[in-house]
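Residue-level structure breakdown
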Amino acid sequence: GSKLEGNCMPDCPWPGLTSNILPAAVTAMLFAWPGTPAAGHAPEQAAGSSPSAASPTVRLDYRPSARHLTGPPPQSPQNDEPFDANPPHGGFGDDPFRARTTVWTASGAYSRDPDHAHIYLTQVTAGYYLYDNFAVHLGGTFGYADSERSGRSGVLGGPEFRLRWHVWQEGRWSAFIDGSAGMVFHQTRLTEDSLPFNFNLQAGAGATYQLDSRTILKGGARWHHFSNARVKGVGRNIGYDGPMVYFGIMRPF
């Protein structure tokens, strides 16, 4: 066999290959191997040894914030519909004025004609929406009249027929116009010459606010007119005219 000289065969053309380049390559592989300190990092020092000025230590200090750990706060789902579209127990749903909805209403009203009387009324009706936002109501009016002329007071009452049209609706609110016609019979005449009955005409505007799936508040103003259409002549016609304010509720059935 041949003898190795300088870690190379006698006929090796590069005698320094194994003694210089090969150890450097092995050293580079060891530093690149996972778990081996990378360049610029110093290995852990043995106990009792002193740090070397020629081997600086690079330290990376990363502390995640609470935002990185938890992420953004969860977003609550958005719901643009104020009420369930199909509520239980016969509620109004997401559109309280759609066609074929049935409601009953109750309201208190006050009107005054300074030349004739103060009128206090309770109005109760049942309504049916023939079309979206358009309803017919049938019910009655009952109340109390305090006459300015005769100084006497008494109850009054009679049937009424009403039409209502919601001309605007947004969220829980709506605006409407309405009008009614009916008859009232008086316990005492409002004037000495007037008749014990009158036609009861009202027209005006109002607004509604939906409290929940079964309750809507309403209120507004109307012009209030009593007249007997001169059936017994001009002298027997009262001609009552005055502003009216009212407030009430609507509920489905």
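Figured I'd write up the structure that's included with this text. Not measured: the values here are computed from a predicted model.

This part is about the pattern of salt bridges. Tallying each qualifying case throughout the model produces seven salt bridges. In this structure, arginine 98 and aspartate 94 form a salt bridge, with 3.1 Å as the shortest nitrogen-oxygen distance. Overall, aspartate 94 belongs to the partly exposed group, its relative accessible area being 32%. One salt bridge in this structure joins arginine 164 and aspartate 178, with 3.1 Å as the shortest N-O distance. Of this pair, arginine 164 sits in strand β4 (residues 153–170) while aspartate 178 sits in strand β5 (residues 173–186); the two residues are 14 residues apart in sequence, bridging distant segments of the chain. Its relative accessible area of 7% is what places aspartate 178 among the buried residues. Beyond isolated ion pairs, a larger network of salt bridges with shared partners links Glu160, Arg162, Arg164, Asp178 and Arg222.

Turning to unusual backbone geometry, a few remarks are in order. With the exception of glycine, most residues fall at negative phi, and the peptide bonds are largely trans. For alanine 229, which is not glycine, the phi torsion reads 60° and is therefore positive. Summarising the element assignment, alanine 229 is placed in the loop between β7 (215–227) and β8 (240–252). The phi angle at arginine 230 is positive, at roughly 60°, despite the residue not being glycine. Within the fold, arginine 230 resides in the loop between β7 and β8. For arginine 230, a relative accessible area of 53% puts it in the exposed group.

Thresholds applied
- Residues numbered from 1 in each chain as written.
- Predicted model: local features only at pLDDT ≥ 70, side-chain atom pairs only at ≥ 80, totals over all residues.
- Heavy atoms only, no water.
- Salt bridge = Lys/Arg side-chain N within 4 Å of Asp/Glu carboxyl O.
- Buried < 20%, exposed > 50% of the residue type's maximum accessible area, 1.4 Å probe, protein only.
- Helix = DSSP H or I, 4+ residues; strand = E, 2+ residues; numbered from the N terminus.

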